[in-house]
Amino acid sequence: MTVALAPGSKTALLARRNPRAEVVATELHPHRARLLQSLNRLPNVQVVAADARHLPFSGAFDRILADVPCLWNRYAGPQPGIKWRLKIEDLHDLQLRQIAS
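The structure reproduced in this document is the subject of the present report. Model, not experiment: these values are computed from the prediction.

### With respect to the overall build of the protein
Scanning the protein from terminus to terminus reveals 4 helices and 2 strands. Along the protein, helices (α) and strands (β) appear in the sequence α-β-α-β-α-α when read from the amino end. Here the protein holds 101 residues, and the buried ones make up 20% of them. A separation threshold of at least 6 residues defines the contact pool for the protein, and within that pool the share at least 24 residues apart is 42%. In the structure as shown, the protein presents an accessible area of about 8200 Å², 56% of it carried by carbon and sulfur atoms.

What follows is the structure in structure tokens.
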């Protein structure tokens, strides 16, 4: 079983299991990109501080792992019982928030 405990855990796992692959990890916030870089000093990992929707380079990827934040936490917040009060219309709003993320 793999447990992600720190920024870059999945990146390191991918890089170690695929040592001949070039792994590009993007992080939206520069301070988190620096942290990810300091925690993963693997030769086949490149860390980029950027919005993954607008990368500062072109090219294609063979595989993409999107580790997106769980919008449910942002939507429900500290109200875990909200899931029992949601209506079908709320799901459309939730979908729009995910698309915009």
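### Topic: the pairing of strand β1 (residues 23–27)
Residues in a regular strand project their side chains so that they alternate between the two faces of the sheet. Taking every second residue as pointing to the same face, the buried face of β1 carries V23, A25 and E27, while none of V24 and T26 on the other face is buried. Note that β1 and strand β2 (residues 45–49) share 5 bridges and pair parallel. The residue bridging V23 from the neighbouring strand is V45, located in β2. In the classification by handedness, the crossover that spans β1, the intervening helix α2 (residues 30–39) and the parallel β2 is right-handed.

### What about the pattern of salt bridges?
Summed over the entire model, instances satisfying the criterion amount to 1 salt bridge. With a closest N to O distance of 3.3 Å, E27 and R32 form a salt bridge. Classification of R32 by relative accessible area gives partly exposed; the value is 33%.

### Side note on a nonpolar patch on the surface
Among the surface-exposed residues, F57, F61 and I64 lie close enough to one another that they form a single nonpolar patch of about 300 Å² accessible area. Its location among the elements puts F57 in the loop between β2 and α3 (71–76). Looking at F57, the relative accessible area reads 31%, which means it is partly exposed.

### Some remarks on the side chain of N40
Secondary-structure assignment places N40 in the loop between α2 and β2. Residue classification places N40 among the buried positions, given a relative accessible area of 3%. Look past the residues within four positions of N40 in its chain and what remains in contact with it is P7, G8 and A12.

### Digging into helix α1 (residues 9–17)
An α-helical segment advances 3.6 residues per turn. Residues three or four places apart therefore align on the same side. Within α1, the full set of buried residues consists of T11, A12 and A15. Projection of α1 onto a plane perpendicular to its axis shows the buried side chains occupying an angular sector of 95 degrees, all on one side. In this structure, the buried residues of α1 make contact with β1 and β2.

What counts and what doesn't
Residues numbered from 1 in each chain as written. Predicted model: local features only at pLDDT ≥ 70, side-chain atom pairs only at ≥ 80, totals over all residues. Heavy atoms only, no water. Helix = DSSP H or I, 4+ residues; strand = E, 2+ residues; numbered from the N terminus. Buried < 20%, exposed > 50% of the residue type's maximum accessible area, 1.4 Å probe, protein only. Contact = heavy atoms within 4.5 Å. Areas by Shrake-Rupley, 256 points an atom, 1.4 Å probe, with all protein chains shown as cover. Pairing = 2+ DSSP bridges. Right-handed = clockwise from strand over helix to strand, strands pointing away. Salt bridge = Lys/Arg side-chain N within 4 Å of Asp/Glu carboxyl O. Patch = residues over 30% accessible without salt bridge, like charges linked within 9 Å, V, L, I, M, F, W, Y side chains within 5 Å. Arc of directions from axis to C-beta.

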